[in-house]
Amino acid sequence: MTYSKVNNLLGWLSFLIATTTYVLTLEPTASFWDCGEFIAAAYKMQIVHQPGAPLFLMLQNLFSNFAMGNPELIAYWMNIGSAVSSGLTILFLFWTITALARKVIAPRGAEVSQTQLIQIMGAALVGALAYTFSDTFWFSAVESEVYAMASLCTAVVFWAILKWDYHADEPYSERWLILIAYVMGLSIGVHLLNLLTIPALALVVYFRKTTKATNGGTIKALLLGCIILAFILWGIIQYSIKAAAYIDLFFVNSLGLGFGSGIILFAILVIGGLTYGIIYSIKKHKPMLNIMLLCVSFILIGYSSFAMVVVRANADPTLNNSDPDDTFSILGYLNREQYGDDPLFNGPYFDSQPIEYVEGAAIYRKGENNYVKVGNKPKYNYDRETFLPRIYSSEHAQAYRSWLNLGEGEQPSFGDNINFLFSYQIGHMYARYFMWNFAGRQNDQQGHGNFTDGNWISGISFIDQMRLGGQNALPDSQKNNPSRNTYFFLPLILGLLGAFWHFKYNQKDAGIVGLLFFFTGIAIVLYLNQNPLQPRERDYAFAGSFYAFAIWIGLGVLAISDFIKKKANPKTAAIAATVVGLLAAPVLMASQNWDDHDRSEKTTARDLAINYLESCAPNAILFTYGDNDTYPLWYAQEVENVRPDIRVVNLSLLSADWYLRQMKEKVNEADALPISMKDEQFVQGVRDIIRYTDYGIEGHIELQNILNILLSDNPQDKQPMQDGSRENFLPTKNFKLTVNREDVIKNHAVPSEWEDEVADSLVWTYPRNYVSRTELAIMDILVHNNWERPIYFARTVPSDNYLGLDKYLVTEGFTYRLMPLQPDTTQSPDQMIERINTDAMYTNTIDKFKWGNIKEASYLDPESYGMLNLIMNNFNTLSNELVKEGQIDKAKTVMERALQVVPEKIYAMRETIQKQSMAESLYMVGDIENANRIVNNTTDYIEDNLNYFFTIAETKPNLEMNNMQLGMYVLHALDQLTAEYKQTEENTRVKELFKNFEARYQMSGLN
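Residues numbered from 1 in each chain as written. Predicted model: local features only at pLDDT ≥ 70, side-chain atom pairs only at ≥ 80, totals over all residues. Heavy atoms only, no water.

K.L.:
Give a detailed account of the overall build of the protein, specifying residues and quantitative values.
P.N.:
In terms of helices and strands, the protein carries 37 helices and 19 strands. What you see for the protein is a C-alpha radius of gyration of 31 Å, in line with the 30 Å of a compact globule of 1007 residues. Once the C-alpha set of the protein is aligned to its principal axes, its extents read approximately 95 × 85 × 60 Å. Counting over 1007 residues, the protein shows a buried share of 58%. Of the contacts formed within the protein by residues at least 6 apart in sequence, a portion of 74% connects residues at least 24 apart. Distance between charge centres in the protein, computed from 79 positive and 104 negative side chains, equals 10 Å. (Helix = DSSP H or I, 4+ residues; strand = E, 2+ residues; numbered from the N terminus. Rg over C-alpha atoms; globule rule 2.2 N^0.38 Å. Buried < 20%, exposed > 50% of the residue type's maximum accessible area, 1.4 Å probe, protein only. Contact = heavy atoms within 4.5 Å. Lys, Arg positive; Asp, Glu negative; His and termini not counted. Charge placed at Lys NZ, Arg CZ, Asp CG, Glu CD.)

K.L.:
Lay out unusual backbone geometry in plain terms, naming residues and giving numbers.
P.N.:
The residue after Q50, namely P51, is reached through a cis peptide bond having omega 0°. Although it is not a glycine, L388 sits at a positive phi angle of roughly 55°. Examined against the element boundaries, L388 turns out to sit in the loop between strand 4 (385-387) and helix 15 (397-404). Even without glycine at this site, K982 takes up a positive phi of about 55°. Here K982 shows up in the loop between helix 36 (961-980) and helix 37 (984-1003). According to the relative accessible area criterion, K982 is exposed, its value standing at 69%.

K.L.:
I'd like a description of the packing of helix 35 (residues 928-953) against helix 37, backed by residues and values.
P.N.:
Viewed as axis vectors pointing N to C, helix 35 and helix 37 meet at an angle of 15°, and their least axial separation amounts to 11 Å. Relative to helix 37, helix 35 is oriented roughly parallel. Between helix 35 and helix 37 lies a crossing of left-handed hand. Here N932, V935, N936, T939, D940, E943, L946, N947, F950 and T951 of helix 35 come into contact with helix 37, specifically with E986, R989, V990, L993, F997, R1000 and Y1001. (Axes fitted to C-alpha atoms, helices over the stretch in contact; angles between N-to-C directions. Parallel < 35°, antiparallel > 145°, perpendicular 65-115°, else oblique. Left-handed = near helix turned anticlockwise from the far one by under 90°.)

K.L.:
I'd like to hear about the pattern of salt bridges, residue by residue, with values.
P.N.:
A side chain with one charge may pair with a side chain of the opposite charge, provided their charged atoms come close. The final tally for this structure, using the stated rule, is 35 salt bridges. As a salt-bridge pair, K103 and D509 come within 2.9 Å of each other at their nearest N and O atoms. Pair noted here: K103 is in helix 4 (residues 71-105) and D509 is in helix 20 (residues 507-519), with a separation of 406 residues, a long-range link. Exposure remark for K103: the relative accessible area of 31% places this residue in the partly exposed category. When the shortest N-O distance is used, the salt bridge between E812 and R817 registers 3.8 Å. (Salt bridge = Lys/Arg side-chain N within 4 Å of Asp/Glu carboxyl O.)

K.L.:
A description of the pairing of strand 16 (residues 791-794) should follow, citing residues and the corresponding values.
P.N.:
In strand 16, alternate side chains face the same way, and those of I791 and F793 on one face and Y792 and A794 on the other are all buried. Pairing of strand 7 (residues 621-624) with strand 16 involves 3 bridges; the strand directions are parallel. Across the sheet, F623 pairs through a bridge with F793, a residue of strand 16. With 3 bridges connecting them, strand 16 and strand 18 (residues 815-818) associate as antiparallel partners. (Pairing = 2+ DSSP bridges.)

K.L.:
If you had to explain empty space enclosed by the protein to someone new, which residues and values would you point to?
P.N.:
Space left empty within the atom packing is revealed by a probe, the size of a water molecule, rolled over the atoms. Per the counting criterion, the structure on display carries 5 cavities of 30 Å³ or more. In this structure, the largest cavity spans a volume of roughly 180 Å³. Around the largest cavity, the lining comprises 19 residues; the ones closest to its centre are T318, L319, W634, V648 and M663. Looking at the lining of the largest cavity, the elements with two or more residues in it are helix 25 (631-638), strand 8 (647-650) and helix 26 (657-662). Among the residues making up the lining of the largest cavity, the classes are represented as 11 nonpolar, 6 polar and 2 charged. (1 Å grid on protein atoms, 1.4 Å probe; cavity = no way out; pocket = protein on both sides within 12 Å on 5 of 7 lines; lining within 4 Å. Points joined across faces, edges and corners; volume = space filled by probe spheres on them. Nonpolar A, V, L, I, M, F, W, Y, C, P; charged D, E, K, R; others polar.)

K.L.:
How would you sum up the pairing of strand 7? Please name residues and give values.
P.N.:
Of the two faces of strand 7, the one carrying I621 and F623 and the one carrying L622 and T624 are both buried. In this sheet, strand 8 lies alongside strand 7 in parallel orientation, the contact comprising 4 bridges. Bridging from a neighbouring strand, F623 pairs with V649 of strand 8. Taking the sense of rotation as the criterion, the β-α-β connection linking strand 7, helix 25 and strand 8 turns out right-handed. (Right-handed = clockwise from strand over helix to strand, strands pointing away.)

K.L.:
Lay out the state of the cysteines with the relevant residues and their values.
P.N.:
Under the defined criterion, the tally for this structure stands at 0 disulfides. Unpaired in this structure, C35 has its nearest cysteine sulfur neighbour in C153, at a distance of 18 Å. For C35, a relative accessible area of 1% puts it in the buried group. With no disulfide of its own, C153 lies 16 Å from the sulfur of C295, the closest cysteine sulfur. (Disulfide = S-S within 2.5 Å.)

K.L.:
Before we move on, could you go through the sheet that holds strand 10 (residues 701-702) and cite the residues and values that matter?
P.N.:
One open sheet accounts for 3 strands, arranged 10-13-14; its pairing is mixed. The open sheet has two edge strands, strand 10 and strand 14 (761-765), and neither has a second partner.

K.L.:
I'd love a proper account of helix 1 (residues 3-25), names of residues and values included.
P.N.:
Along its 23 residues, helix 1 runs 33 Å from first to last C-alpha, staying within 8% of the 33 Å computed at 1.5 Å per residue. All of the buried residues in helix 1 are Y3, V6, N7, L10, G11, S14, F15, A18, T19, T21, Y22 and T25. Next to the buried residues of helix 1 lie helix 4, helix 5 (114-132), helix 6 (135-141) and helix 23 (570-597). (Expected span 1.5 Å × (residues − 1).)

K.L.:
Outline the packing of aromatic side chains, supporting the account with residue identities and numerical values.
P.N.:
Counted under the stated rule, the structure contains 68 aromatic pairs. Arranged with centres 6.2 Å apart and planes meeting at 80°, the rings of W12 and W95 form a pair that is edge-to-face. Here W12, found in helix 1, pairs with W95, found in helix 4; they are 83 residues apart in sequence, far enough to count as distant. In this structure W12 comes out as partly exposed when scored by relative accessible area, which is 42%. (Phe/Tyr/Trp six-rings, centres within 6.5 Å; stacked < 30°, edge-to-face > 60°.)

K.L.:
Which residues make up a nonpolar patch on the surface, and what values go with them?
P.N.:
A surface patch of nonpolar side chains, about 310 Å² in accessible area, is lined by F488, L490, I493 and L497. In this structure, I493 sits in helix 19 (residues 490-505). (Patch = residues over 30% accessible without salt bridge, like charges linked within 9 Å, V, L, I, M, F, W, Y side chains within 5 Å. Areas by Shrake-Rupley, 256 points an atom, 1.4 Å probe, with all protein chains shown as cover.)

K.L.:
Lay out the sheet that holds strand 9 (residues 689-692) with the relevant residues and their values.
P.N.:
Strand order across the open sheet formed by 4 strands is 11-12-9-15, with mixed pairing between neighbours. Of all the strands in the sheet, just strand 11 (718-720) and strand 15 (770-772) have a single pairing partner and so form its edges. Each adjacent strand pair in this sheet contributes to an overall mean axis angle of 45°, direction not counted. In terms of strand pairing, strand 9 meets strand 15 through 3 bridges, oriented antiparallel. The residue of strand 15 that forms the bridge with I689 is S772.

K.L.:
Could you give me a rundown of the environment of S352, with the residues and numbers involved?
P.N.:
Mapped onto the elements, S352 comes out in the loop between strand 1 (346-348) and strand 2 (354-366). Distance in space between the C-alpha atoms of S352 and Q411 is 9.2 Å, their sequence separation being 59 residues. Sequence-distant contacts of S352, that is, excluding residues within four places in its chain, are made with Y382, D383 and R384. Within the structure, the side chain of S352 is placed 2.9 Å from the backbone nitrogen of Y349, a separation counted as a polar contact. Polar contacts involving the side chain of S352 include one to the main-chain carbonyl oxygen of R384, which spans 2.7 Å. (Polar contact = N/O pair within 3.5 Å; in protein donor to acceptor, adjacent residues only side chain to side chain.)

K.L.:
Report on the packing of helix 4 against helix 7 (residues 146-167), specifying residues and quantitative values.
P.N.:
Following both chains from N to C, one finds helix 4 and helix 7 inclined at 25°, their axes separated by 8 Å at the closest point. Classified by the interaxial angle, the pair formed by helix 4 and helix 7 is roughly parallel. Classified by chirality, the crossing of helix 7 by helix 4 is left-handed. Taking contact as the criterion, the partners of S82, S85, S86, L88, T89, F92, W95, T96, A99, L100, R102 and K103 in helix 4 are, on helix 7, A148, M149, S151, L152, A155, V156, F158, W159, L162, D165 and Y166. Residues belonging to the contact of helix 4 with helix 7 are distributed by class as follows: 14 nonpolar, 6 polar and 3 charged.

Okay, here's the thing in structure tokens:
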């Protein structure tokens, strides 16, 4: 067969292997984080969080059609969409490696011998399949997220520039550059990652067109690439929309024309200008100008996918994040304004103090007949500022101090700033991820800098011992953890060999790959400027960098082949090098990574979302807070039509005027929220934050009166500010909500057996020093709901979001229900016992809840097993309350279900508290055998892990004090528990262990 046929055949074989792998291991339904939102939005063509991904949503919508109307298969087929995108990425990676390898081994025009063919194809197979089975890429390949499709766009662009390079001397070769521009424009509708290839592409063009490359010319080409990147990133993506917005502002506000009139003129000017320029370049024979204008045109054509955002936002779909239906809102949407701006080149230290307020850019919103200025973006000058600020966030001051070992009150220096850049942002948030993929990974628990969670490892004991300690005392939970993957540095070594070989034989191309590696790795680190305590691992952001390194892994085969052929004939050397490469990278990586990337048996996100919804009574209002207790619920309601009568309200979004406005509208089968506020009372710039000023008012004030003051436009109800303006304020924190007993009973707001306990009023103390739109909306709901609709808080909502109503919350499953019941005033707030509606909770737990196959699934991701505490608490709390009520049979049924659902495996030390509680619950219902088994399993786990922690502390700083204390606490609790239930054998063992570790704890001086 010809080179071309073999190249195509093996490329498609790589695609088939990769796609099959991803299809076999993908999650059958929605995953945690953004996936639920993306699937729901793609299914109904809705608007996701900033800055949107319209092309991704439209393509995923196509895949949803393969579900043939079965809502339970829609997520599966959208996950297939990611699998196919990822498989195609591998296809183009294969062809990229063959193109780069051939340029060295058999330059253009030279005949490719059989030996050279084996070398080239062997290198491509090894590199492509190594990336196939890499940790980060595989994770994104099996869920409906943007990163799989973003990787495909990057792969296509890099492959296309090599195709142009090969055909550059042929007629019409510029079509490859136009294709690249179009794909880049399209990629903006998926993710901006693709644009970071531009500096590398600029070097490809320079090296191909120049007769003699020089250092100066190379630097100029690189700078030009950066300028083009900046032009697209800011000039096209942001400033084109900004120009349209301000032209529209002039037409609407100054000329009195209708909304959108300026946009029409702007579009005419852009289209007309480009058309004229292209015609002019043809007539005047200016090919460079022609190519530039065509590329800009095709980028804009690709970028036009964002028209979908505006069109659908104007249709007011159920999910309409940011409601970007006009030029200024779409501008804020694209600029990610809801997330704020992190300083990049100049900014404060975390302890800097603002000394001067500077007005930033004006903020406009769409009014009734014109655009209304609502203020300016706040900007400040600080007493201490630094170049390249890395430790800038005052909210993370303690985390910075902890990471940098700064004492309380110690002022950080520029050296500390740079230290954080290299130790945390590059070392922890990039190099650690890089090593995960090519050296090995300790486990999948999120790492924050200790020695036991989320580190990279190699599998070579003495190296891992030197870095992390404790390798001779690894607990079984670590040894047998599916996410413990060890590659013994082999993929890393292969990649380094490939890089050295590449730089030796083709420095230009190696530099281009290196530039891709840098811009999709370290450059992203500099741009993201991440602060510590990220809510999740962020390795997916650097997949492009790992893609570039996979190219070198493939080329490592050629380096090995060159070495072997010194002792064997070239053909044998090529075959042997390919075999060695396959075993050292893709085979090893696949064998290590399969078990912790196989999500085919897990349905946790969807099933627990159903549990949240099923915990609620009909027509309920359910307050949630984070991504993982909101997005899966959106998916369940929008796609699978589960409990569409419930209005899910995300408290972290409720402070946005657009979201609050949407809450006033009916959605699906859920009624609008009972909010009395008019839109103009909470639009952006009005009542953004209402401050508390203590007026010394005695007693508790009716919430209706508080709300009237907060919403009043009467100057007498406002306090004067330093600039002469007057603003609403909160005069007291002591609230009261009078309860109409007849409304409560009529609307079944409390169980019938509790009707005698209905309180005359809810009396509480508001815990915050301000009122945002979120709290304002909740107050409005409380005043006007009249107990007609049940109000719930998800149990994962942070308690400070309850507004001080904790003592009126009743557990009914995965939610707390607000009930107007008389609280137990004999207990202090710290000792308040959780009140439980056992009838509702029992029905929900036994008859309605699903459990995500968490016990039988071959692998659980961290978000899934992170829910185990909540799940176990649900069973333990319900069972114990049933025992108190004398309903022993029901309590036994609950614990039988718990044993069927909860995995025996313990994933983290934090679970041992609930395991101890579970053993206690089993003892209480008389299941001694299973209680003892859990006691023994928990004791084994604690013994193993405490021994591990103490062993680490012998050679490393002790960063496990909290886990040590937790383990000791649970052992002590197990001692008391087994003694109480007269389990002599178990008690003797636990007591002995506790004494041994207590002595070890004291001898080590850790106390």
